Amino acid sequence: MSMTDNRPLLEMTGINKVFHKEVLRIESLSLDKGLIYGVIGPSGAGKSTLLRIINLLTPPTRGTYRFMGEAFENGNDRERLRIQREMALVFQRTLLFRESVRHNIAYGLKARRVPRKDIEKRVDELLAYLGMEGLAHRRGDTLSGGEAQRVAIARAVAFEPKLLLLDEPTANLDPRNIALIEDMILSMKRDKGITVVMVTHNVFQAKRIADEVIFIDEGRIVETGPVERVFSSEAHVKTRAYVEGRMIY
Ligand SMILES: Nc1ncnc2c1ncn2[C@@H]1O[C@H](COP(=O)(O)OP(=O)(O)OP(=O)(O)O)[C@@H](O)[C@H]1O
Ligand SMILES: [Mg+2]
């Protein structure tokens, strides 16, 4: 294995985001390849802001941002697009096109200039891999919330991004679809070595699927560490209060 393979996928230091006040400060955060990161914390803590910064939707105004070993200079739009092409972002609710599921999934591949002749094969393989063949010909706007969200994630991973960013992907879904989506995420990690950052309000979900947990409170990363430690008596006192439902906010 070469040295580059051991480098973190993403490293950020000294980055903050100011709106009317500072809403997020990242002293230091590093994401390793092939892990699932669960981001938890109270409403308004800065979880979605963190995803937007990782995705460069909100470019950092200072500090350092290094993706796959290369530093990103703020204002370099070509570089920003290049990095963004390696990532996929899925929100709590996704609008699908009013066309077939196959077409919806093919869209991301076309946008990334995958040769037309390869697209159909890749869409079929992906739908089979995810056990979603049954939905292939359904129209995007006729799906249930859970089905639509599974398709949204399938569409996001179709071009095999290095980093999958999920903002509360299972909020308001039924237990069956939640389980199916968690299985999707775990198999993508296992089979394709994808790195995932998932924001969730459900601490049990983080416990179920995350390797590492990032706990954010009041715009600060209070703690990041292996799931076993974060959910143990060794966790930071604030983290413990939050995961045990004792935090007042
Ligand atoms: N575009 C914006 N303009 C002004 N303030 C913003 C903007 N986006 C976010 N904020 C503020 O930044 C803080 C963090 O917001 P963020 O959406 O990251 O929180 P969150 O942890 O994702 O919350 P939730 O769990 O409710 O989704 C909040 O105080 C929010 O009001
Ligand atoms: Mg949010």
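So, here's what we can say about the structure. (Residues numbered from 1 in each chain as written. Chains lettered and ligands numbered in written order. Predicted model: local features only at pLDDT ≥ 70, side-chain atom pairs only at ≥ 80, totals over all residues. Heavy atoms only, no water.)

**Examining the environment of Thr58**
Part 1 of the argument: With respect to the helices, strands and loops of the structure, Thr58 is situated in the loop between helix H2 (47-54) and strand S4 (64-67).
Part 2 of the argument: Once the C-alpha coordinates of Thr58 and Gln92 are considered, the two residues, 34 residues apart in sequence, prove to be 19 Å apart.
Part 3 of the argument: Apart from residues lying up to four places away in sequence, Thr58 is in contact with Lys17, Arg52 and Ile53. (Helix = DSSP H or I, 4+ residues; strand = E, 2+ residues; numbered from the N terminus. Contact = heavy atoms within 4.5 Å.)

**Describing the site of ligand 1**
Part 1 of the argument: Near ligand 1, the surroundings consist of Phe19, Val23, Pro42, Ser43, Gly44, Ala45, Gly46, Lys47, Ser48, Thr49, Glu168 and His201.
Part 2 of the argument: For ligand 1, an oxygen atom lies 2.7 Å from a polar atom in the side chain of Lys47.
Part 3 of the argument: One nitrogen or oxygen atom from the side chain of Thr49 is found 2.5 Å from an oxygen atom belonging to ligand 1.
Part 4 of the argument: The fraction of the free accessible surface of ligand 1 (640 Å²) that becomes covered by protein chains is 61%.
Part 5 of the argument: Top contributing element to the shell around ligand 1 by residue count: H2, with 3 residues.
Part 6 of the argument: Within the shell around ligand 1, the residues separate by chemical class into 4 nonpolar, 6 polar and 2 charged. (Near = heavy atom within 4 Å. Polar contact = N/O pair within 3.5 Å; in protein donor to acceptor, adjacent residues only side chain to side chain. Areas by Shrake-Rupley, 256 points an atom, 1.4 Å probe, with all protein chains shown as cover. Nonpolar A, V, L, I, M, F, W, Y, C, P; charged D, E, K, R; others polar.)

**Re helix H3 (residues 77-84)**
Part 1 of the argument: Of the positions making up H3, those classed as buried are Glu79, Ile83 and Gln84. Seen from one end, H3 has its buried residues packed into an arc of 135°, which puts them on one side. (Buried < 20%, exposed > 50% of the residue type's maximum accessible area, 1.4 Å probe, protein only. Arc of directions from axis to C-beta.)

**Side note on the layout of surface pockets**
Part 1 of the argument: Its volume calculated, the largest pocket comes out at about 550 Å³.
Part 2 of the argument: As for the largest pocket, its lining consists of 22 residues, of which Met87, Ala88, Leu89, Arg112 and Phe159 are closest to the centre.
Part 3 of the argument: Those elements that place two or more of their residues in the lining of the largest pocket are H3, strand S6 (87-90), helix H4 (101-111) and helix H6 (145-157).
Part 4 of the argument: For the lining of the largest pocket, the element with the highest residue contribution is S6, accounting for 4 residues.
Part 5 of the argument: Of the residues contributing to the lining of the largest pocket, the split by class is 14 nonpolar, 4 polar and 4 charged.
Part 6 of the argument: Here the second largest pocket defines a volume of roughly 310 Å³. (1 Å grid on protein atoms, 1.4 Å probe; cavity = no way out; pocket = protein on both sides within 12 Å on 5 of 7 lines; lining within 4 Å. Points joined across faces, edges and corners; volume = space filled by probe spheres on them.)

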